[in-house]
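Architecture at a glance
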Amino acid sequence: MLDKLEFLIALARERHFRRAAERCGVSQPTLSAGIKQLEETLGAPLVNRGARYIGLTHEGERVLEWARRLTGDARTMRQEVQVLKRGVSGVLRLAAIPTALPVAARLCNAFTHRHPEVRVTVLSSSSKAILTMLEDFEIDAGVTYLDNEPLPNATTLPLYRERYRLVTARDNPLGARETVAWSELASLPLCLFTRDMQNRRIVDEILAAHAGPPAVAVETNSSLAMAEMVGSGRWSSIMPPVLIDALPFPATTVAVPIVSPEVTHSVGLAVMERDPLTPLVRALIGAARDLAAQLD
(Lines give C-alpha, C1' and ligand atoms only; values in the text may rest on other atoms or scores of the structure.)
Protein backbone atom coordinates (compact mmCIF):
# COMPACT_ATOMS: atom_id res chain seq x y z
CA MET A 1 0.00 0.00 0.00
CA LEU A 2 2.76 2.48 0.92
CA ASP A 3 4.45 2.18 -2.45
CA LYS A 4 1.16 2.96 -4.19
CA LEU A 5 0.63 6.00 -1.96
CA GLU A 6 4.11 7.18 -2.95
CA PHE A 7 3.08 6.76 -6.60
CA LEU A 8 0.14 9.11 -5.98
CA ILE A 9 2.36 11.67 -4.24
CA ALA A 10 4.81 11.61 -7.15
CA LEU A 11 2.01 11.98 -9.71
CA ALA A 12 0.55 14.97 -7.87
CA ARG A 13 4.00 16.55 -7.77
CA GLU A 14 5.05 15.89 -11.37
CA ARG A 15 1.58 16.15 -12.97
CA HIS A 16 2.82 13.68 -15.60
CA PHE A 17 2.74 9.86 -15.52
CA ARG A 18 6.14 9.29 -17.13
CA ARG A 19 7.98 11.81 -14.95
CA ALA A 20 6.24 10.45 -11.84
CA ALA A 21 7.33 6.93 -12.75
CA GLU A 22 10.92 8.11 -13.26
CA ARG A 23 10.84 9.82 -9.85
CA CYS A 24 9.69 6.58 -8.24
CA GLY A 25 12.18 4.44 -10.16
CA VAL A 26 9.52 2.28 -11.83
CA SER A 27 8.07 1.91 -15.31
CA GLN A 28 5.06 4.00 -16.34
CA PRO A 29 2.81 0.90 -16.62
CA THR A 30 3.82 -0.13 -13.10
CA LEU A 31 2.93 3.29 -11.71
CA SER A 32 -0.37 3.43 -13.60
CA ALA A 33 -1.30 -0.07 -12.43
CA GLY A 34 -0.39 0.78 -8.84
CA ILE A 35 -2.62 3.83 -8.81
CA LYS A 36 -5.41 1.82 -10.43
CA GLN A 37 -5.08 -0.80 -7.68
CA LEU A 38 -5.21 1.96 -5.07
CA GLU A 39 -8.45 3.24 -6.62
CA GLU A 40 -9.93 -0.27 -6.57
CA THR A 41 -8.91 -0.76 -2.93
CA LEU A 42 -10.46 2.55 -1.86
CA GLY A 43 -13.48 2.22 -4.15
CA ALA A 44 -13.16 5.69 -5.64
CA PRO A 45 -11.49 7.34 -8.66
CA LEU A 46 -8.43 9.32 -7.58
CA VAL A 47 -7.16 10.67 -10.91
CA ASN A 48 -9.01 12.57 -13.64
CA ARG A 49 -7.82 10.80 -16.75
CA GLY A 50 -7.86 12.03 -20.31
CA ALA A 51 -5.36 11.97 -23.14
CA ARG A 52 -2.93 13.20 -20.50
CA TYR A 53 -2.90 13.83 -16.74
CA ILE A 54 -5.58 16.38 -15.81
CA GLY A 55 -5.49 16.38 -12.03
CA LEU A 56 -6.73 14.59 -8.93
CA THR A 57 -10.40 14.11 -8.17
CA HIS A 58 -11.86 15.47 -4.94
CA GLU A 59 -11.34 12.03 -3.43
CA GLY A 60 -7.81 11.99 -4.79
CA GLU A 61 -6.96 15.27 -3.06
CA ARG A 62 -8.13 13.85 0.27
CA VAL A 63 -6.22 10.61 -0.27
CA LEU A 64 -3.14 12.69 -1.14
CA GLU A 65 -3.28 14.32 2.30
CA TRP A 66 -3.45 10.90 3.94
CA ALA A 67 -0.72 9.57 1.66
CA ARG A 68 1.68 12.27 2.75
CA ARG A 69 0.83 11.64 6.40
CA LEU A 70 1.08 7.85 6.22
CA THR A 71 4.31 7.73 4.22
CA GLY A 72 5.80 10.32 6.59
CA ASP A 73 4.75 8.21 9.60
CA ALA A 74 6.34 5.15 8.01
CA ARG A 75 9.65 7.00 7.56
CA THR A 76 9.47 8.18 11.18
CA MET A 77 8.89 4.62 12.37
CA ARG A 78 11.86 3.32 10.39
CA GLN A 79 14.08 6.08 11.79
CA GLU A 80 12.96 5.37 15.36
CA VAL A 81 13.92 1.70 14.96
CA GLN A 82 17.32 2.63 13.53
CA VAL A 83 17.96 5.04 16.42
CA LEU A 84 17.26 2.25 18.90
CA LYS A 85 19.75 0.04 17.07
CA ARG A 86 22.54 2.50 16.21
CA GLY A 87 21.74 5.90 17.70
CA VAL A 88 20.98 8.95 15.55
CA SER A 89 22.13 8.02 12.06
CA GLY A 90 21.01 8.02 8.45
CA VAL A 91 20.68 10.86 5.95
CA LEU A 92 19.36 14.32 6.82
CA ARG A 93 17.92 16.12 3.80
CA LEU A 94 18.04 19.90 4.13
CA ALA A 95 17.22 22.69 1.68
CA ALA A 96 17.98 26.39 2.09
CA ILE A 97 17.25 29.60 0.26
CA PRO A 98 20.44 30.90 -1.42
CA THR A 99 20.83 33.87 0.93
CA ALA A 100 20.78 31.53 3.95
CA LEU A 101 23.23 28.90 2.68
CA PRO A 102 26.09 30.13 4.94
CA VAL A 103 23.82 29.75 7.98
CA ALA A 104 22.63 26.35 6.75
CA ALA A 105 26.28 25.30 6.53
CA ARG A 106 26.87 26.40 10.13
CA LEU A 107 23.81 24.46 11.22
CA CYS A 108 25.03 21.32 9.43
CA ASN A 109 28.47 21.66 11.00
CA ALA A 110 26.98 21.91 14.49
CA PHE A 111 24.55 19.06 13.84
CA THR A 112 27.12 16.61 12.42
CA HIS A 113 29.56 17.44 15.22
CA ARG A 114 26.93 16.14 17.66
CA HIS A 115 25.82 13.27 15.43
CA PRO A 116 28.81 12.09 13.36
CA GLU A 117 26.94 9.03 12.06
CA VAL A 118 24.53 11.23 10.08
CA ARG A 119 25.20 12.17 6.48
CA VAL A 120 23.73 15.47 5.28
CA THR A 121 22.42 16.53 1.89
CA VAL A 122 22.03 20.30 1.41
CA LEU A 123 20.15 21.77 -1.56
CA SER A 124 19.92 25.39 -2.67
CA SER A 125 16.26 26.06 -3.46
CA SER A 126 13.65 28.79 -3.68
CA SER A 127 11.27 29.22 -0.75
CA LYS A 128 8.37 27.85 -2.83
CA ALA A 129 10.35 24.76 -3.82
CA ILE A 130 11.30 24.21 -0.17
CA LEU A 131 7.64 24.24 0.86
CA THR A 132 6.72 21.76 -1.87
CA MET A 133 9.57 19.43 -0.93
CA LEU A 134 8.57 19.59 2.74
CA GLU A 135 4.96 18.70 1.89
CA ASP A 136 6.09 15.77 -0.26
CA PHE A 137 8.63 14.60 2.37
CA GLU A 138 11.46 15.00 -0.12
CA ILE A 139 13.42 16.93 2.52
CA ASP A 140 13.40 16.78 6.31
CA ALA A 141 13.74 20.52 6.92
CA GLY A 142 14.25 23.84 5.20
CA VAL A 143 16.01 27.08 6.08
CA THR A 144 13.77 29.73 4.61
CA TYR A 145 11.83 32.96 5.17
CA LEU A 146 9.29 32.64 7.96
CA ASP A 147 7.27 35.86 7.92
CA ASN A 148 6.87 37.08 4.35
CA GLU A 149 4.98 34.29 2.56
CA PRO A 150 2.82 31.59 4.19
CA LEU A 151 4.22 28.26 5.40
CA PRO A 152 1.06 26.23 6.06
CA ASN A 153 1.29 23.10 8.22
CA ALA A 154 4.87 23.89 9.17
CA THR A 155 6.57 24.22 12.55
CA THR A 156 9.16 26.98 12.50
CA LEU A 157 12.14 28.09 14.57
CA PRO A 158 13.57 31.59 13.91
CA LEU A 159 17.35 31.70 13.46
CA TYR A 160 18.13 35.33 12.59
CA ARG A 161 16.77 38.53 11.06
CA GLU A 162 17.82 39.15 7.46
CA ARG A 163 18.96 42.72 6.81
CA TYR A 164 20.06 44.31 3.56
CA ARG A 165 23.22 45.98 2.28
CA LEU A 166 24.15 47.73 -0.93
CA VAL A 167 27.17 45.96 -2.39
CA THR A 168 28.92 48.26 -4.82
CA ALA A 169 32.31 49.45 -6.04
CA ARG A 170 34.32 51.39 -3.48
CA ASP A 171 34.71 54.28 -5.94
CA ASN A 172 30.93 54.51 -6.51
CA PRO A 173 29.62 57.76 -4.95
CA LEU A 174 27.35 55.67 -2.69
CA GLY A 175 30.29 53.45 -1.75
CA ALA A 176 31.78 56.16 0.46
CA ARG A 177 28.62 56.54 2.51
CA GLU A 178 28.01 55.08 5.99
CA THR A 179 24.37 54.34 5.07
CA VAL A 180 22.13 54.73 2.04
CA ALA A 181 18.38 55.04 1.63
CA TRP A 182 16.26 52.72 -0.52
CA SER A 183 15.13 55.76 -2.49
CA GLU A 184 18.70 56.29 -3.74
CA LEU A 185 19.00 52.88 -5.38
CA ALA A 186 16.51 53.06 -8.25
CA SER A 187 18.95 54.36 -10.86
CA LEU A 188 21.81 51.95 -10.07
CA PRO A 189 22.46 49.15 -12.57
CA LEU A 190 21.67 46.17 -10.37
CA CYS A 191 22.52 42.48 -10.37
CA LEU A 192 19.80 40.64 -8.42
CA PHE A 193 18.53 37.13 -7.90
CA THR A 194 16.01 35.76 -10.38
CA ARG A 195 12.30 36.38 -9.79
CA ASP A 196 11.59 32.87 -8.55
CA MET A 197 13.60 33.71 -5.42
CA GLN A 198 11.75 35.28 -2.49
CA ASN A 199 14.72 37.55 -1.81
CA ARG A 200 14.15 39.11 -5.23
CA ARG A 201 10.44 39.56 -4.54
CA ILE A 202 11.26 41.24 -1.23
CA VAL A 203 13.77 43.61 -2.84
CA ASP A 204 11.42 44.44 -5.73
CA GLU A 205 8.60 45.23 -3.30
CA ILE A 206 10.73 47.53 -1.16
CA LEU A 207 12.20 49.38 -4.14
CA ALA A 208 8.77 49.76 -5.74
CA ALA A 209 7.48 51.35 -2.54
CA HIS A 210 10.40 53.71 -1.97
CA ALA A 211 12.30 54.21 -5.22
CA GLY A 212 10.25 53.01 -8.16
CA PRO A 213 10.99 50.02 -10.41
CA PRO A 214 14.65 48.87 -10.10
CA ALA A 215 17.08 49.09 -13.00
CA VAL A 216 17.93 45.39 -13.11
CA ALA A 217 20.71 44.73 -15.63
CA VAL A 218 21.61 41.17 -14.64
CA GLU A 219 19.62 38.34 -13.02
CA THR A 220 21.13 35.13 -11.66
CA ASN A 221 20.25 32.29 -9.29
CA SER A 222 23.93 31.82 -8.39
CA SER A 223 25.50 33.67 -5.46
CA LEU A 224 28.98 33.08 -6.87
CA ALA A 225 28.00 34.52 -10.24
CA MET A 226 26.56 37.54 -8.44
CA ALA A 227 29.81 38.07 -6.54
CA GLU A 228 31.77 37.93 -9.81
CA MET A 229 29.41 40.38 -11.52
CA VAL A 230 29.45 42.90 -8.69
CA GLY A 231 33.19 42.45 -8.16
CA SER A 232 33.78 43.61 -11.74
CA GLY A 233 32.62 47.07 -10.71
CA ARG A 234 30.00 47.33 -13.47
CA TRP A 235 27.00 46.43 -11.32
CA SER A 236 25.76 46.81 -7.75
CA SER A 237 23.59 44.43 -5.75
CA ILE A 238 21.37 44.27 -2.67
CA MET A 239 22.26 41.35 -0.41
CA PRO A 240 22.07 40.27 3.25
CA PRO A 241 25.24 40.45 5.39
CA VAL A 242 25.34 36.68 6.08
CA LEU A 243 25.75 36.04 2.36
CA ILE A 244 28.10 38.97 1.69
CA ASP A 245 30.50 37.74 4.37
CA ALA A 246 30.64 34.27 2.80
CA LEU A 247 31.32 35.38 -0.79
CA PRO A 248 34.71 36.21 -2.37
CA PHE A 249 34.17 39.90 -3.04
CA PRO A 250 37.35 41.81 -3.95
CA ALA A 251 38.69 44.61 -1.76
CA THR A 252 37.40 47.08 -4.36
CA THR A 253 33.81 46.49 -3.19
CA VAL A 254 32.03 47.69 -0.06
CA ALA A 255 28.78 46.77 1.69
CA VAL A 256 26.75 49.75 2.86
CA PRO A 257 23.76 49.34 5.23
CA ILE A 258 20.44 50.33 3.64
CA VAL A 259 18.15 52.36 5.91
CA SER A 260 15.17 54.72 5.56
CA PRO A 261 13.53 52.37 6.29
CA GLU A 262 15.61 49.56 7.75
CA VAL A 263 13.77 46.41 6.64
CA THR A 264 14.26 42.96 8.18
CA HIS A 265 12.75 39.53 7.59
CA SER A 266 12.85 36.45 9.79
CA VAL A 267 14.77 33.46 8.46
CA GLY A 268 14.67 30.14 10.24
CA LEU A 269 14.16 26.41 10.26
CA ALA A 270 10.89 24.98 8.92
CA VAL A 271 9.70 21.39 9.34
CA MET A 272 6.32 19.84 8.69
CA GLU A 273 4.00 19.58 11.70
CA ARG A 274 4.19 15.97 12.91
CA ASP A 275 3.69 14.08 16.13
CA PRO A 276 6.07 12.55 16.72
CA LEU A 277 8.85 14.27 14.80
CA THR A 278 11.47 12.02 13.28
CA PRO A 279 14.61 11.48 15.40
CA LEU A 280 16.71 13.33 12.82
CA VAL A 281 14.42 16.36 12.88
CA ARG A 282 14.28 16.39 16.69
CA ALA A 283 18.08 16.38 16.79
CA LEU A 284 18.27 19.09 14.13
CA ILE A 285 15.90 21.35 16.07
CA GLY A 286 18.14 21.01 19.11
CA ALA A 287 21.18 22.14 17.09
CA ALA A 288 19.14 24.96 15.52
CA ARG A 289 18.11 26.32 18.93
CA ASP A 290 21.74 26.55 19.98
CA LEU A 291 22.71 28.22 16.70
CA ALA A 292 19.88 30.75 17.01
CA ALA A 293 21.23 31.80 20.42
CA GLN A 294 24.64 32.44 18.81
CA LEU A 295 23.16 34.41 15.89
CA ASP A 296 20.86 36.53 18.07
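Read on for a plain summary of the structure. Because the structure is a prediction, the values reported are computed rather than measured.

Definitions and cut-offs
- Residues numbered from 1 in each chain as written.
- Predicted model: local features only at pLDDT ≥ 70, side-chain atom pairs only at ≥ 80, totals over all residues.
- Heavy atoms only, no water.
- Pairing = 2+ DSSP bridges.
- Helix = DSSP H or I, 4+ residues; strand = E, 2+ residues; numbered from the N terminus.
- Right-handed = clockwise from strand over helix to strand, strands pointing away.
- Axes fitted to C-alpha atoms, helices over the stretch in contact; angles between N-to-C directions.
- Parallel < 35°, antiparallel > 145°, perpendicular 65-115°, else oblique.
- Left-handed = near helix turned anticlockwise from the far one by under 90°.
- Contact = heavy atoms within 4.5 Å.
- Nonpolar A, V, L, I, M, F, W, Y, C, P; charged D, E, K, R; others polar.
- Salt bridge = Lys/Arg side-chain N within 4 Å of Asp/Glu carboxyl O.
- Buried < 20%, exposed > 50% of the residue type's maximum accessible area, 1.4 Å probe, protein only.

Concerning the pairing of strand β4 (residues 118-124)
- In terms of strand pairing, strand β3 (residues 90-96) meets β4 through 7 bridges, oriented parallel. Residue pairing in the sheet places A95 in a bridge with L123 of β4.
- Handedness of the crossover is the feature at issue here: the chain leaves β3, passes through helix α5 (residues 101-114), returns alongside β4, and the resulting connection is right-handed.

Topic: the packing of helix α1 (residues 2-14) against helix α2 (residues 17-24)
- One way to put it is that α1 packs onto α2 with a least axis distance of 8 Å and a crossing angle of 130°. Classified by the angle their axes make, α1 and α2 are oblique. The way α1 lies across α2 gives a crossing that is right-handed. Contacts between α1 and α2 involve E6, F7, A10, L11, R13 and E14 from the first element and F17, R19, A20, R23 and C24 from the second.
- When grouped by side-chain class, the residues that make up the contact of α1 with α2 number 6 nonpolar, no polar and 5 charged.

Notes on the pattern of salt bridges
- Summed over all chains, the structure comprises 19 salt bridges.
- With a closest N to O distance of 3.8 Å, K4 and D3 form a salt bridge.
- Residue classification places K4 among the buried residues on the basis of a relative accessible area of 18%.
- Residue D3 is classed as partly exposed on the basis of its relative accessible area of 38%.
- One salt bridge in this structure joins D204 and R195, with 3.4 Å as the shortest N-O distance.
- A relative accessible area of 17% places D204 in the buried class.
- The exposure class assigned to R195 is exposed, which follows from its relative accessible area of 55%.

Points about unusual backbone geometry
- The peptide bond linking S260 to P261 adopts the cis configuration, its omega dihedral lying at -5°.
- Within the secondary structure, P261 sits in the loop between β12 (253-259) and β13 (265-272).
- A positive phi angle is found at F137, which is not glycine, with a value near 60°.
- Checked against the element boundaries, F137 lands in the loop between α6 (127-135) and β5 (141-145).
- Residues other than glycine seldom take positive phi values, yet N153 does so here, at roughly 60°.
- Mapping N153 onto the fold places it in the loop between β5 and β6 (154-162).

Examining the packing of α1 against helix α3 (residues 28-42)
- Across the interface, α1 lies against α3 with an axial gap of 9 Å and an inter-helix angle of 110°. On the basis of their axis angle, the class for α1 and α3 is roughly perpendicular. Note on packing geometry: the crossing formed by α1 with α3 is left-handed. Where α1 abuts α3, its residues K4, L5, F7, L8 and L11 lie against T30, L31, G34, I35, Q37 and L38.

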